[in-house]
Amino acid sequence: MPTRSKIIYTFTDEAPALATYSLLPIIEAYTASADIAVETRDISLAARILASFPEQLGDKAVADHLAELGALAVTPEANIIKLPNISASVPQLQAAIKELQAQGYNLPDYPETVTNDAEKEAKARYDKVKGSAVNPVLREGNSDRRAPLSVKNYARKHPHKMGAWAKDSKSHVAHMSTGDFYGSEKAALIDAADAVKIELIAKDGTATVLKEKTSVQAGEILDCAVMSKNALRAFIAAEIDSAKAQGVLLSVHLKATMMKVSDPIMFGQIVAEFYKDALTKHADVLAQIGFNLNNGIGDLYARIKALPAEQQAQIEADIAAVYAARPSLAMVNSDKGITNLHVPSDVIVDASMPAMIRDSGKMWGTDGQLHDTKAVIPDRCYATIYQAVIEDCKANGAFDPTTMGSVPNVGLMAKKAEEYGSHDKTFQIKADGVVRVTDSKGNLLMEQAVEAGDIFRMCQTKDAPIQDWVKLAVNRARASSTPAIFWLDPMRAHDGVVIEKVQAYLKDHDTSGLDIQIMAPVDAMKYTLQRTREGKDTISVTGNVLRDYLTDLFPIMELGTSAKMLSIVPLMNGGGLFETGAGGSAPKHVQQLVEENFLRWDSLGEFLALAASLEHLGVNYNNPKALVLSKTLDQATGQFLDNNKSPSRKVGNIDNRGSHFYLALYWAQALAAQTEDAALQAQFATLAKTLTENEATIVAELNAVQGKPVDIGGYYHADAELISKAMRPSATFNAAIAALV
Ligand SMILES: NC(=O)C1=CN([C@@H]2O[C@H](COP(=O)(O)OP(=O)(O)OC[C@H]3O[C@@H](n4cnc5c(N)ncnc54)[C@H](OP(=O)(O)O)[C@@H]3O)[C@@H](O)[C@H]2O)C=CC1
Ligand SMILES: O=C(O)CCC(=O)C(=O)O
Ligand SMILES: [Mg+2]
């Protein structure tokens, strides 16, 4: 079969992986009838760990599917459906390694501190798997995320719950006013291809190379910035007192997954300041047991188990004293006593801030009740947009999903643009001095004064992605007759250069009659919110971080979840990457499946991505059957929404599996009804009939399993057979699908 008729469906983690066991057999059966091969590649955290240690694993070694897909993404043939995957923090990575070791895989432990070459090598390999290690590899294009009209209409007809906002809500965002990345950003525009060096010149004159070579291209923007450790600590200390004085919860919102080097360090500093009294008192023993602040206070609780009971009790008592003296922390799980400061990846800003805004500006306290909160987002680059939303909600009340407009996003993302590509150029500084960025001739491009403990980071933004992004923005504005706002801050050195480029590249396009503006983020937010309240749509055209933040914020307000987004990445070399939704892998959903055999995951994002992927195949490779499948899938999705067949949240109604049955039913009916392709029509007529006649039986078989625990034999690397059995419990449905193939 020629490669062009191939769709790659990624196998990932947690809830989307579970859903795949139910949905993929349906997709495979339907597409086979149009001679389209759907192949899977495993990019789950477990598979990526295993692929990193081929030598140790012998006949259990697995191929590196992510590397394969990374190579595919830069070819015109690429047609990849990408489900959300885990971006692992260190505690998650350690848990996954432990599970795999227990299953008999001969993997080394994750060495937190390195004492020999073997550990150094193992740590380097694991660090490649850590954090957001998948998306930047596949995202060889910019991002186009929006709610299709059918989805928007569905939300208007079936609005989700939005918590009311009180005018006197005490919730607010707290950010630094000096010493942060925002305040220190510098930028340089590169004239000609070269390689730059980053080095630290300490006060005593010693030079340490931080990164010898970073290749740069003509027209590329470099920027660098510093987060001062001392300024961060002083800021946090003051905010802890302020939260206590105001009687609000203290919450911290970072992106320790995507920003895997900088943000865990910031998280660690917040943990250090909050638990200062207890941590200082027990500093020696905590160092002995290897407690790592950056992994959160959960790491302390895990490690003190190794201590004698008495010593353990003393540390616990001193921590309890901290809780008594400090403001209450926002809770991740109040039943289990898990606070916001337990694990760096439990509260992730893109999803956590919208969830708080949806819940009347409140978060959960230790008492299991919602309370006003101080939301600490230290750096000013993006914190201020959330305060603008909060102020708007305080003044005008919660947004109304039945009337509010929509905010699609066109995001600059390709070639590891901006902060999200900065990991290999981010360093915690060891000595006071100056960090210098120089070109290959030794000319100084940028420099930053630093102190020991500060975080220095450099970002790259290439020119071709900027040109492509401007083009995408103009195309979207034209195609949807909607105003487009570039969210760029002239006070930031990097954004200043981007603004010049945007102004120049807009001239390459016909923008007559279009409303395209450039605004600073807070102004853009206020303007957009005002239009949104008037029911008007506004395209946000943003850099990589705001792409991430806004495509959770607006969908969560408009649709209740970002799972319902269409999320396309037109790859710059002609291929297509179709992401499903804009949210994550919903770890809570796995717990619900295991406890009560109910999966709440909404696969609407997968349906939308599949239709877009089939359309791409049809249009680019002249495959009329793929177009018929795409069109009928769109119709089926519309009907699915009209009839409200999304998974419910609780046992008793259809879950993810039932929603897949209805999609299959409507899709088969649409295929049987179309007349463009007689062969497809004939083939699906029988299936449509079987599914229609057996609807009640199938739904009863699917729902009968709910309400009891189910064993899937693992979390990160669960048992495929057990999951498949759990996710395909209807013999009638399975037989009908099998008869098609
Ligand atoms: N593209 C990607 O690969 C992404 C991966 N991630 C990763 O996912 C993990 C969890 O991240 P987190 O920030 O907690 O965000 P999640 O989006 O996974 O979870 C937040 C909440 O969003 C809702 N939700 C998300 N998707 C769906 C869906 N399809 N159906 C129904 N509800 C959904 C649920 O909320 P509710 O209970 O309110 O219904 C869920 O509990 C992390 O490892 C993170 O790095 C995160 C974002 C994107
Ligand atoms: O890759 C990740 O870690 C998260 C990605 C994400 O949140 C997004 O793309 O919206
Ligand atoms: Mg996101």
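Residues numbered from 1 in each chain as written. Chains lettered and ligands numbered in written order. Predicted model: local features only at pLDDT ≥ 70, side-chain atom pairs only at ≥ 80, totals over all residues. Heavy atoms only, no water.

Bringing the overall build of the protein chain into the picture now. A count of helical and extended segments in the protein chain gives 29 helices and 24 strands. For 741 residues, the compact-globule estimate of 2.2 N^0.38 gives 27 Å, and the C-alpha radius of gyration of the protein chain, at 26 Å, lies within 12% of that figure. For the protein chain, the spread of C-alpha atoms along the principal axes amounts to about 80 × 65 × 60 Å. Classification of the 741 residues of the protein chain by burial places 58% in the buried group. At a minimum sequence separation of 6, the contacts of the protein chain that also span at least 24 residues come to 78%. Accessible area of the protein chain: about 28200 Å², with a carbon and sulfur share of 51%. (Helix = DSSP H or I, 4+ residues; strand = E, 2+ residues; numbered from the N terminus. Rg over C-alpha atoms; globule rule 2.2 N^0.38 Å. Buried < 20%, exposed > 50% of the residue type's maximum accessible area, 1.4 Å probe, protein only. Contact = heavy atoms within 4.5 Å. Areas by Shrake-Rupley, 256 points an atom, 1.4 Å probe, with all protein chains shown as cover.)

Let's shift gears to the sheet that holds strand β16 (residues 426-428). One open sheet holds the 4 strands; their spatial order is β6-β9-β19-β16, and the pairing between them is antiparallel. Looking along the sheet, the strands with just one partner apiece sit at the ends: β6 (186-189) and β16. Going from strand to strand, the sheet's axes swing by 10 degrees on average, the running direction of each strand aside. By the bridge criterion, 4 bridges tie β6 to strand β9 (residues 221-227) in an arrangement that is antiparallel. Bridging from a neighbouring strand, K186 pairs with C224 of β9. (Pairing = 2+ DSSP bridges. Axes fitted to C-alpha atoms, helices over the stretch in contact; angles between N-to-C directions.)

Turning our attention to the site of ligand 1. Within the structure, ligand 1 sits among 23 residues, and G583, G584, A586, R600 and D602 are positioned closest to it. One of the side-chain N or O atoms of R358 is found 2.9 Å from an oxygen atom in ligand 1. At 2.6 Å, a side-chain N or O of R600 approaches an oxygen atom of ligand 1. Here ligand 1 loses 85% of its free accessible area of 870 Å² to cover by the protein chains. Those elements that provide at least two residues to the shell around ligand 1 are α16 (349-358) and α22 (587-596). If you tally residues by element for the shell around ligand 1, the top one is α22, at 3 residues. Looking at side-chain class alone, the shell around ligand 1 contains 8 nonpolar, 9 polar and 6 charged residues. (Near = heavy atom within 4 Å. Polar contact = N/O pair within 3.5 Å; in protein donor to acceptor, adjacent residues only side chain to side chain. Nonpolar A, V, L, I, M, F, W, Y, C, P; charged D, E, K, R; others polar.)

Moving on to the coordination of the magnesium ion (ligand 3). Summarising the metal site, the magnesium ion (ligand 3) is bound by the protein donors D350 (OD) and D548 (OD), whose distances to it range over 1.9 to 2.1 Å. A residue pair is termed long-range when its members are at least 10 positions apart, and D350 in helix α16 and D548 in helix α21 (residues 544-559) qualify at 198 residues. Neither D350 nor D548 differs from the other in exposure class; each is buried. (Donors = N, O, S within 2.8 Å, 3.2 Å for Na, K, Ca; no water.)

What follows is about the UniProt feature "site: Critical for catalysis" (unreviewed entry) in the protein chain. Summarizing the sequence annotation, UniProt attributes the feature "site: Critical for catalysis" (unreviewed entry) to K255 and Y420 in the numbering used throughout. Sequence-wise these annotated residues cover 166 residues; spatially they are packed, their C-alpha atoms never more than 10.3 Å apart. With respect to the secondary-structure elements, K255 resides in the loop between β10 (249-252) and α11 (262-274). Sequence-distant contacts of K255, defined by excluding residues within four places in its chain, comprise D263, I348, V349, D350, Y420, D548 and Y549. Looking at the secondary structure, you find Y420 in the loop between β15 (409-411) and β16. The contacts of Y420, once residues within four sequence positions are left out, are P136, K255, M258, M259, N544, V545, R547, D548 and Y549. (UniProt positions renumbered as here; feature names shortened; annotations may be inferred.)

With that settled, the discussion passes to the pattern of salt bridges. Side-chain pairing between opposite charges can occur once the charged atoms of the two side chains come close. The tally for this structure, following the rule as stated, stands at 39 salt bridges. Here K255 ties to D350 by a salt bridge, and the two come within 2.9 Å at their closest N and O atoms. Residue K255 is located in the loop between β10 and α11, and its partner D350 is located in helix α16; the two are separated by 95 residues in the primary sequence. Of the two residues, K255 and D350, both sit in the buried class. The salt bridge partner of D655 is R657, with a shortest N-O separation of 2.7 Å. There is no split in this pair, since D655 and R657 are both buried. One connected set of salt bridges, linked through shared partners, spans K6, E39, R41 and E68. (Salt bridge = Lys/Arg side-chain N within 4 Å of Asp/Glu carboxyl O.)

Let us now look at the site of ligand 2. The environment of ligand 2 is made up of S87, S132, N135, R139, R145, K255, M258, D350, R547, D548 and A582. In this structure, an oxygen atom belonging to ligand 2 sits 2.7 Å away from a side-chain N or O atom of S132. Taking R139, its side chain carries an N or O atom lying 2.8 Å from an oxygen atom of ligand 2. Protein chains bury 89% of the 290 Å² of accessible surface belonging to ligand 2 in isolation. Of the residues contributing to the shell around ligand 2, the split by class is 2 nonpolar, 3 polar and 6 charged.

A separate point is helix α5 (residues 90-102). The end-to-end C-alpha separation of α5 is 18 Å, in line with the 18 Å expected for 13 residues at 1.5 Å each. Within α5, burial applies to V90, Q92, L93, A96, I97, E99 and L100. Just downstream of α5, G104 is the residue with a positive phi angle, here 95 degrees. (Expected span 1.5 Å × (residues − 1).)

Split by domain assignment, the protein chain resolves into domain 1 (5-140 + 571-739), domain 2 (181-226 + 416-461) and domain 3 (261-326). Relative to domain 3, the C-alpha centre of domain 2 lies at a distance of 33 Å. With 5 residues of domain 2 in contact, the opposing surface of domain 3 contributes 4 residues. Taken together, the two surfaces of domain 2 and domain 3 that pack against each other cover about 450 Å², and 76% of this comes from carbon and sulfur. Among the residues domain 2 hides against domain 3, the three largest losses belong to T426, Q428 and I455. Together they make up 67% of the total. Counting the contacts that link domain 2 with domain 3 gives 0 residue pairs in polar contact (both at pLDDT 80 or more). Of the residues in the side of domain 2 that touches domain 3, the class split is 2 nonpolar, 3 polar and no charged. (Domains from an automatic or database assignment. Buried area = accessible area lost by both parts, 1.4 Å probe.)

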